Amino acid sequence: MKNIHSLLLALIFVIGLAPFAHAQENQTHKVQIKQWLSAGPVEVQLPAFHHKNNLKGQPFTEADLLKFQQKAVRCMKAGETFFMQDGKTYSWKEGDGAVAAPSDGYFVNWQGFYVETNQYLPLKISVTTAQAFELFVDGKKELTVYKSSKEPVTKEAALKLNPGKYLVVIKSLYNNKDKSDWKVSAALQYDQKFGKDAAVASLTSRKPIDLAHILLGKMLRGTSLSSDGKYIMLNYSEAYPPDGKTNRWIEIKNLNTKQVIYSSEHAKISQVEWVPDSHKISYVATDGVDRALFTYDLDSHKEKVLMNKLERFAGYEWSHDASYLVFSVTEQKGDKKKSVYEMRGMQDRWPWYRTRTQLYLLKMDDLSVKPLTYGYLTNNLQDISPNDQNLLISQSFPYYTERPYTKQVMMQLNIQTLKVDTLWVASFGGQASYSPDGKQLVVTGSPDMFNGLGIHLKKKGIPNDYDTQAYIFDIKSKTATAISKDFNPSIGEAYWNPLDNDIYFLVQDGTYNNIWKYNVASKKYAKLPSKVDVINQMDFAANSPVISYSGSSVSYPATGWVFDTKTQQSEEVANPEKKFFSNVQFGKVEDWNFKNKQGHIIEGRVYYPPNYDPNKKYPLIVNYYGGTVPVERSFGGRYPLNLFAAQGYVVYLLQPSGAIGYGQDFSALHVNGWGKENAQDIIDGTKQFLKAHPSVNPDEVGCIGASYGGYMTMYLQTQTHIFKTAIAHAGISDITSYWGEGYWGYLYSSVASANSFPWNNRKLYVDKSPLFLANKITTPMLLIQGTSDTNVPPGESIQLYTALKLQGKPVTMVWVKDQDHHIVDYKKRILWQHTLFAWFDKYLKDQPAWWDSMYPKKDL
């Protein structure tokens, strides 16, 4: 009886306290705004004829003075000019927000502040004033009151803010007839469960990087030089919200005066090229109704039509003396796919496979056209000989019984006789271009090219065919010489410079992209100094010792440069996002390497949050690819690690065994590896990183990877439990089904699984497939993928999702509708990126609100 009495008292006590506990749980935290940045008051006038109605029968009201946007506020800085009127300058000033009421007329005042949130936060902004006003948050109108009152009134705007920094601006209107004080006050209110520091108000415009700085802004896409090096062409693009519509254009700048002399920003032209030995450009544009090929003379400002009614026009290249150009035309194979059709080889799955291109010649003297090639195979133009007499062309065709399952035919075509000289027929093909004298070729391709001439392995094995090598090929003798076997970087672009007879290579140099020069006489390489971490492209002036290049660095977007090969100095010619990034605060990025069990140095780097405090504890995100290429030190991309760090994470990126750019022995570890070396590198690297970084919480570690990196994420969870959560985008769960089903599955596997097949290497295809090890997975995992992925079939995610669901394991599947391997749709990219952040916040910060707002639990 005593126990029952005690139980009843306990129940009464709990029930009695429940209302108080609920009230405590929903207690509101309030931040009163005491300091403002203000500009004004600026006088506004009623327009002429304001006493008359408009076409809609509506009179002009005082509210219309407020609604009219004199100027949008995109940034506020103390002392910076905002508005100019009647010779008077209005700058942003710090203060308490009080405004001296003018004696007569109508006036507008702007006042604002910044609010920074460290997590997803439902928040209310309350505004108290007697004036009519508009409230903007990052330029979006969130609250309006268009009628003044005698006494101050409080209105609220309910917002849901993602982590980041926001500009809050209140634009208010004053009419001295109201006889009220011009006072505007504001406060932030949110549930105290999010913590007192969930939202911080300030007057500083410095902010962590946000997604807008990844997707928006005027971005440099490439550079090219006129033959004399006097002018540079700069290729730009810019996307615009809300749907990401993108404008692409060129600007041409005089390198001496630094002035832009031409811009196509408001003209719809494409395929712009320099006409050799001139100040002319050529391009494709619409000539009334039809597409046409034009030239435009920058000196005389005259335009000329070279070809009109372009049908199936694919691309073109000028001869060195500009006496002709070679263009390609696409052709559709006659028997189009019907509702029921025979698949003619694995490549026939590709929608474009039954399209071919042939080459034609357009003469400049009479604008006549001459067909150069014909047939059922595509003929690709590789280069035009220095004397303009020959073309270097190539064909490729499936050859399914021998790796890499294609063959290449490289040929020299005489444009006068149209006679063809076959230079090679090989399984491992490549790219080629002429030497300055036209007697040799510089060739880039697999180490296996020319019967394995480029292989340089300490131990017998299969090289990584993506580790591109360089060769010099003699046309007369049809023999090749390997010139990069002892050169660790992987070769990209090649240019044999006629001015100094040196070969310039754009290479993958670990996580850097650099330009290296090869002296043909001494057979030595030398690296050119550059101003960026990752050079995306290079271009050469044919008659001047200058190179243009563009690229980005680990914490800065793309810039453009001109390099003088004599002085070895670079000069900046384009920095289009300088102003856009002027207020962005990046965290520190530093290298962090370790030696793995095999004695290899595993390169890595660390991204710290802005305002990093080593005395605090931070969650950690581990990122990797693990495939055949390293994750470069470039800016932006699919996984902008600066952006993850800006969300309050320490980010550790590492380059596991098998990546190119570190020498053939290292890259060969990728072949038939599939988690053998690289998974252990990631596990060991993470453990060593945690020991070396006490500011990282070892209990709050997540990992993320995409494509082959998605496979690594899946496979890692079968080998270790050091990760609290994991995200796999488009991961491979079953190597067999990817090999046979992905658009490029069997081709990529010709390198990654060379000479291994499901029927002769079960240990690889089964034992290394996460699907067959799904019983070992306990880590909560997010699988995310585009529904239209042709590279890694969506079934790879479905299979693992099914396996884990049937075992009751914690797994979530998110689809991005109608997207392929990369999420490129502007709006969907934003949602996809927010999904990744929200998932990590939920598991590594114990902040589920963002995820729950995006994916609320609903019964089906």
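These numbers were taken from a predicted model, which means no experiment stands behind them. (Residues numbered from 1 in each chain as written. Predicted model: local features only at pLDDT ≥ 70, side-chain atom pairs only at ≥ 80, totals over all residues. Heavy atoms only, no water.)

> Give a detailed account of the sheet that holds strand β7 (residues 121–129), specifying residues and quantitative values.
Reading across from one edge, β1-β12-β7-β10 is the order of the four strands in this open sheet, with antiparallel pairing throughout. The sheet terminates laterally at β1 (28–32) and β10 (153–161), the two strands that pair on one side only. The mean angle between the axes of side-by-side strands here comes to 25°, regardless of whether they run parallel or antiparallel. Pairing of β1 with strand β12 (residues 184–191) involves five bridges; the strand directions are antiparallel. Looking at β12, one finds that Lys30 is bridged to Gln189. (Pairing = 2+ DSSP bridges. Helix = DSSP H or I, 4+ residues; strand = E, 2+ residues; numbered from the N terminus. Axes fitted to C-alpha atoms, helices over the stretch in contact; angles between N-to-C directions.)

> How would you explain the packing of helix α7 (residues 678–692) against helix α8 (residues 708–716) if you had to name every residue and give the values?
Packing of α7 against α8 leaves a shortest axis separation of 10 Å and a crossing angle of 70°. As judged from the angle between their axes, α7 and α8 are roughly perpendicular. With respect to the hand of their crossing, α7 and α8 are arranged in right-handed fashion. The segment α7 lies against α8, with Asn678, Ala679, Ile682 and Ile683 engaging Tyr708, Met712, Tyr715 and Leu716. Counted by class, the contact of α7 with α8 contains seven nonpolar, one polar and no charged residues. (Parallel < 35°, antiparallel > 145°, perpendicular 65-115°, else oblique. Left-handed = near helix turned anticlockwise from the far one by under 90°. Contact = heavy atoms within 4.5 Å. Nonpolar A, V, L, I, M, F, W, Y, C, P; charged D, E, K, R; others polar.)

> Tell me about the pairing of strand β11 (residues 164–175), and name the residues and values.
Summarising burial for β11: twelve of the twelve residues are buried, a large majority. In β11, alternate side chains face the same way, and those of Gly164, Tyr166, Val168, Ile170, Ser172 and Tyr174 on one face and Lys165, Leu167, Val169, Lys171, Leu173 and Asn175 on the other are all buried. Relative to β11, strand β6 (residues 106–117) runs antiparallel, the two being bridged by twelve bridges. In the strand pairing of β11, Asn109 is matched with Ser172. With six bridges connecting them, strand β8 (residues 132–137) and β11 associate as antiparallel partners. Directly across from Phe133, in β11, lies its bridge partner Ser172. (Buried < 20%, exposed > 50% of the residue type's maximum accessible area, 1.4 Å probe, protein only.)

> An account of the side chain of Thr779 is needed here, citing residue identities and associated values.
Among the secondary structure elements, Thr779 is positioned in the loop between α11 (762–765) and β52 (781–786). With relative accessibility at 4%, the residue Thr779 sits in the buried group. Within the structure, the side chain of Thr779 is placed 3.2 Å from the side chain of Gln717, a separation counted as a polar contact. Contacts of Thr779, omitting those with residues within four sequence positions, involve Gln717, Phe723, Lys724, Thr725, Ala726 and Pro810. (Polar contact = N/O pair within 3.5 Å; in protein donor to acceptor, adjacent residues only side chain to side chain.)

> Run through the nonpolar core, naming residues and quoting values.
Membership of the largest hydrophobic core comes to 51 residues, with the highest contact counts inside it found for Leu620 and Val622. It is α8 that provides the largest number of residues to this core, a total of six residues. The residues contacting Leu620, other than those within four sequence positions of it, are Val650, Val651, Tyr652, Phe689, Leu690, Val696, Glu700, Val701, Gly702 and Leu844. One finds Leu37, Leu65, Leu167 and Ala198 within the second-largest nonpolar core, a separate group that totals 48 residues. (Core = buried A, V, L, I, M, F, W, Y, C linked by side-chain atoms within 4.5 Å.)

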